[in-house]
Amino acid sequence: MKKLIFKWVIFLLTFVAALLVAGRVMNHDNQNMTMELSAASFPVITLEKGDIAYNELHGYAQAMDIAYQRGTIAELGENRELVFCIETYGIKLQGIRMEVRSRDGSRLIENTEITEYVQDSTIRVETALKDLIEKDTEYSLILVLTDEAGREIWYYTRAIWSDNTWGYEKLAYVKDFHEKTFDKEAAKDLIKYLESNSQGDNTTFHRVDIHSSFNQITWGDLDVRRLTEPAVNLVELAAQTASMELHYLVATGDSRNQTCYLVEELYRIRYTPERVYLLEYERTMDQIPAVKGDIYGNDKIMLGIVGEDMALVESEDGNIVVFEAAGRLCSYNVTTNKLALLFSFYEDNSQNVRAQWDARNLYQRYKLKILDVDEGNNVQFAVYGYMNRGRHEGEVGIQIYTYNSDRNTIEELVYIPYDKSYEILERELDQLLYLNRAGKLYLYLDHGIYEVNTKDRTGERIALVETDEAIEISDSHKIVVWRQDQGLQIMNLGTEQVISIDVGADEIARPLGFMGEDIIYGVAKQEDVVSDAVGRQLFPMYLVCIRDASGKLLKAYKKENIYALSCQVEENQIILERLLRREDGSYVNTTRDQILHSVTQDVGKNQLVVAAVDTYEKLVQIQVREEINVKALQVLTPKEVVFEGGRNVLLSSDSEQERYYVYDKGRTAGIYYTPAMAINQANDCSGVVVDDRGRTIWIRGNRVLRNQIMAITAQEVTEEKNSLAVCLDTMLSLEGIVRNSDDLLRRGKSAVQILEENLEGQAQVLDLGGCSLDAMLYFLNQDIPVLAVLQNGEAVLLTGFNEYNIVVMEPSTGRLYKKGMNDTREWMEENGNPFITYIRVEE
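Keep in mind that this is a model prediction, so the values were computed, not measured.

**Section: the overall build of the chain**
Summing up its helical and strand segments, the chain has 11 helices and 58 strands in all. Taking 28 Å as the expected radius of gyration for a compact globule of 843 residues, we find that the chain reaches 30 Å, a close match to that expectation. Overall, the chain is about 130 × 70 × 55 Å in size when its C-alpha atoms are taken along their principal axes. Each of the 843 residues in the chain was classed as buried or not, and the buried ones make up 54%. For the chain, the accessible surface area stands at approximately 38400 Å², while carbon and sulfur atoms represent 45% of it. The centroid of the 88 positive side-chain charges in the chain is displaced by 4 Å from the centroid of its 133 negative side-chain charges.

This is the structure in structure tokens:
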């Protein structure tokens, strides 16, 4: 019996030992399979202007498409001096190189090795560009650092050499304004710049602007202190105006129990030697969710001062809540009482006052998007933009992750590299980024809709988009409709079902928008779709339809002799812009009409709620469906799965269709195929329009009070030339070209075609029909005439302006005369603002 017991004891001890060894091996293998996100390793470059540090430049792992690297702009010194500092973070440099190129990057102007510097933790470089650039012209400036391992790191900015851009003075004003907001007494000097009125929202510190109260702009009763110096970026610089952005950290509370916030300020100013005008000011403040801190209570996760529109997605049963705040993505399991910090580029040092915040990790040129949440607490999400650290450090791209809750790991599924800027990528993916349960990713990128299979890592374009009216996407990103031949294609990205909407052989359809996931589109007769003498298309739709995602017709709108031009959706109404067709076949504007249509709004089991607190004002909270046991709450930090090789998917675009980019205080506000739509948006937001070559097409507010093209004199129609031909010949003659435009018009060519063919290589022709008269002053300010083709067939040239008048060259009367600004504006609006002009270019 003793021998039997002894054998069993030996067996059990051996079994336990085997389990321990196996556990160690398995843990060892698991540690090899996972790791934390690797630390940032690239240096940061900051420019200097006198005693002001500005333009914090972050490095790229490879050369980017220069034309799209708009970012910041550097003002060179009187003798083209450039001063910059390199914060190396311990990296030893082998070389520093400077390139100067044309704005689109096609022409190399200078390539200089910089040798005069001292190797240190901070390297200060004083250099100057060669005498090869022209004043008042923007260039692309590239700094290339080579580390001791031979790795090249690329830094991009624009540069301008000018006597009248006043860069230092504008930077100094913004720095002074910023500093004074932290001192209520000193801030009294700022009152004269503010436009405090009822437009300002004084109920939240998340967003304040130029219309907010003085108390709101000076942080109210919040006891804020700065944790970092502001990074000042000069994003636009013109003779009179400039736009800047500032980024920094602040904290409230004492050092042992502090709450930290990411803060961004945006400025647009106009400078004159007499005074500075604050045109726009906006400050956003986002509380960093301290997931290991005191942010839980009862049934609430208290996120504090953040936007009320923050991202929150839950599983169908409501057990899993995933949210993103201040660049941190979290998942809370209501059932197991576990919260996982799924992703963040930066460490939360709010509970460690001695820790230094790394500027590289705080760089906010990326976005997080929750793609899918299932009942097993598995989460699919995207990180896109500039990668601050990790395996793709210094790259711009789209990284699709999956979170496995059982293993508490995140794993990259695919990575899609991108060689343009984060600002453009952000705007593209704001339109479409969707992942279905089958692992198919859909995104809008570079002229089309792409499908990427995250399982076999392949991608293809499924729809080409080359006009602004060709595609519409639902707010949920689940339903897409685009024009295919004369009809439409509707695709449910969740089910991958594609439905065709066919129209008559003599008809053509156009997508107009969505109400929820119901599609709105219009149908026109092909014979009614016509172009005028300018080449501008009229698309009058006799029928407007609403269909659900399965293609079922829900409503149809049709009225005799009434045609829809466009529509806009407001709550449960579809508002139609309409035309009335006269007996002679011409059209005239008529009243708007509404189509009532309602959709059901889903209400989640976990919701965002807002609480008002005296000192902190509006605080955002997540109300979960069960009370949180704070003492038993587990906070998890997943590690990333390590794998060999890459999981890249390359997407190529073969379209050469020109696009126009609207920038608002450095951010991409819109991307369009037609310059008129781009200028209209830029005019609304006081922005800038650039093309695919990085050339400035239009900028608001950068002009003198008066200007006239003196080379253009009065011209009169003849028996051989009508007014349009006279205007076209005058425009071409101004550029040194002699043509008989009347003959070309008789051959059926439009005004745009004539200008494009004859100004090729000298100018880029712009059809700006529908833009305002005020927007045309930008071109007149540059001695470029503006053609207007009136509805009666006559044409005039606008050739100058002052505070009160527009100078008009009118061939039908043979006069060159001044017409009142308001009268001209009304005259042009009655004729549909039918403008055509151009910008001069260097090929």
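**Here we look at the pattern of salt bridges**
Per the counting criterion, the structure on display carries 55 salt bridges. The shortest N-O distance in the salt bridge between Arg659 and Asp446 comes to 3.5 Å. With Arg659 in the loop between strand S47 (639-641) and strand S48 (660-664) and Asp446 in the loop between strand S28 (440-445) and strand S29 (448-453), this pair connects stretches of sequence that are 213 residues apart. A residue is classified by how much of its surface remains accessible, and Asp446, at 11% relative accessible area, is buried.

**What to know about the confidence of the model for the chain**
Averaged over every residue, the pLDDT of the chain is 92; residues scoring 70 or more account for 95%. Between residues 19-32, whose pLDDT stays under 50, and residues either more than four places distant or in other chains, the model counts one contact.

**Section: the side chain of Asn377**
Within the secondary structure layout, Asn377 lies in the loop between strand S23 (366-373) and strand S24 (379-386). Not counting residues within four places of it along the chain, the set of residues in contact with Asn377 comprises Ile320, Ser331, Asn333, Tyr403 and Ser405.

**Quick word on the environment of Gln199**
With respect to the element layout, Gln199 can be found in the loop between helix H2 (167-180) and strand S11 (207-209). The exposure class assigned to Gln199 is exposed, which follows from its relative accessible area of 59%.

**Considering the nonpolar core**
Of all hydrophobic cores here, the largest spans 158 residues; its most connected members are Phe84, Leu443, Phe779 and Leu787. Those residues in contact with Leu787 that sit more than four places away from it in its chain are Leu724, Cys727, Leu728, Met731, Ala751, Ala795, Val796, Leu797, Pro834, Phe835 and Ile836. One finds Tyr346, Ile370, Phe381 and Tyr401 within the second-largest nonpolar core, a separate group that totals 29 residues.

**Quick notes on the sheet that holds strand S6 (residues 93-101)**
Spatially, five strands are ordered S4-S10-S9-S6-S7 in an open sheet, and the strand pairing comes out mixed. Across the chains shown, the open sheet's two edge strands, defined by having one partner strand only, are strand S4 (73-75) and strand S7 (108-114). Sheet twist, expressed as the average angle between the axes of neighbouring strands with direction ignored, equals 30 degrees. Relative to S7, S6 runs antiparallel, the two being bridged by six bridges.

**Some remarks on the pairing of strand S30 (residues 458-464)**
With six bridges connecting them, S29 and S30 associate as antiparallel partners. Looking at S30, one finds that Ile449 is bridged to Ala463. Hairpin connection, S29 to S30: the antiparallel pair is bridged by four residues, and Arg457 has positive phi, about 55 degrees.

**Notes on the packing of aromatic side chains**
A full pass over the atoms with the stated rule returns 20 aromatic pairs. An angle of 50 degrees between the planes, with centres 6.2 Å apart, marks the rings of Tyr173 and Phe177 as tilted. Residue Tyr173 and its partner Phe177 are located together in helix H2, separated by four residues, close to a single helical turn. Here Tyr173 matches Phe177 in class, with each residue buried. Over the aromatic face of Tyr277 sits the side chain of Arg270, whose NZ or CZ is 4.6 Å from the ring centroid. Lying over the aromatic face of Trp219, Arg283 brings its terminal NZ or CZ to 3.7 Å of the ring centre.

**Some thoughts on helix H9 (residues 751-758)**
Because an α-helix completes one turn every 3.6 residues, residues spaced three or four positions apart along the sequence face the same direction. Looking only at H9, the buried set comprises Ala751, Val752, Ile754, Leu755 and Asn758. Down the axis of H9, the smallest arc covering the buried residues is 165 degrees, so these residues share one side. Taken together, the buried residues of H9 touch helix H7 (723-734), helix H8 (741-746), strand S53 (763-767), strand S54 (786-789) and strand S58 (835-840).

**Points about unusual backbone geometry**
Phi is positive for Trp219, close to 70 degrees, though the residue is something other than glycine. Secondary-structure assignment places Trp219 in the loop between helix H3 (214-217) and strand S12 (225-226). By relative accessible area, which is 1% here, Trp219 ends up buried. In this structure, Glu617 is a non-glycine residue whose phi angle is positive, near 60 degrees. Structurally, Glu617 is set in strand S45 (residues 617-623).

**Brief notes about the packing of helix H10 (residues 773-781) against helix H11 (residues 821-830)**
Contact pair H10 / H11: the axes reach a minimum separation of 10 Å and the direction vectors enclose 110 degrees. Classed by the angle they form, the pair H10 and H11 counts as roughly perpendicular. Facing Leu773, Asp774 and Leu777 of H10, the residues of H11 in contact are Met821, Thr824 and Arg825.

**What about the pairing of strand S5 (residues 81-87)?**
The element S5 is extensively covered by neighbouring structure, given that five of its seven residues are classed as buried. Pairing of S5 with strand S8 (residues 122-128) involves seven bridges; the strand directions are antiparallel. Looking across to S8, one finds that Cys85 is bridged to Arg124.

**Some details on H11**
Among all positions in H11, only Met821, Thr824, Trp827 and Met828 are buried. Down the axis of H11, the buried set is contained in an arc of 125 degrees. They therefore lie on one face. Of the residues in H11, the exposed ones pointing more than 90 degrees away from the buried face are Asn822 and Glu830. The secondary structure elements touched by the buried residues of H11 are H10, S54, strand S55 (795-801), strand S56 (805-810), strand S57 (815-820) and S58. Phi turns positive, to about 80 degrees, at Gly832, one or two residues after H11.

**Brief notes about the sheet that holds S45**
The antiparallel open sheet is built from four strands, whose spatial order is S17-S18-S45-S44. At either end of the open sheet lies a strand with only one pairing partner, and these are strand S17 (296-297) and strand S44 (607-613).

**As for the side chain of Thr837**
Its location among the elements puts Thr837 in strand S58. Here Pro785 takes part through its backbone oxygen, which lies 2.9 Å from a polar atom of the side chain of Thr837. Leave out the neighbours within four places in its chain, and Thr837 touches Met731, Gln764, Val765, Leu766, Leu768, Phe779, Ile784, Pro785 and Val786.

Criteria and cut-off values
- Residues numbered from 1 in each chain as written.
- Predicted model: local features only at pLDDT ≥ 70, side-chain atom pairs only at ≥ 80, totals over all residues.
- Heavy atoms only, no water.
- Helix = DSSP H or I, 4+ residues; strand = E, 2+ residues; numbered from the N terminus.
- Rg over C-alpha atoms; globule rule 2.2 N^0.38 Å.
- Buried < 20%, exposed > 50% of the residue type's maximum accessible area, 1.4 Å probe, protein only.
- Areas by Shrake-Rupley, 256 points an atom, 1.4 Å probe, with all protein chains shown as cover.
- Lys, Arg positive; Asp, Glu negative; His and termini not counted.
- Charge placed at Lys NZ, Arg CZ, Asp CG, Glu CD.
- Salt bridge = Lys/Arg side-chain N within 4 Å of Asp/Glu carboxyl O.
- pLDDT = per-residue confidence, 0-100.
- Contact = heavy atoms within 4.5 Å.
- Core = buried A, V, L, I, M, F, W, Y, C linked by side-chain atoms within 4.5 Å.
- Pairing = 2+ DSSP bridges.
- Axes fitted to C-alpha atoms, helices over the stretch in contact; angles between N-to-C directions.
- Phe/Tyr/Trp six-rings, centres within 6.5 Å; stacked < 30°, edge-to-face > 60°.
- Lys NZ or Arg CZ within 6 Å of the ring centre and 35° of its normal.
- Arc of directions from axis to C-beta.
- Parallel < 35°, antiparallel > 145°, perpendicular 65-115°, else oblique.
- Polar contact = N/O pair within 3.5 Å; in protein donor to acceptor, adjacent residues only side chain to side chain.

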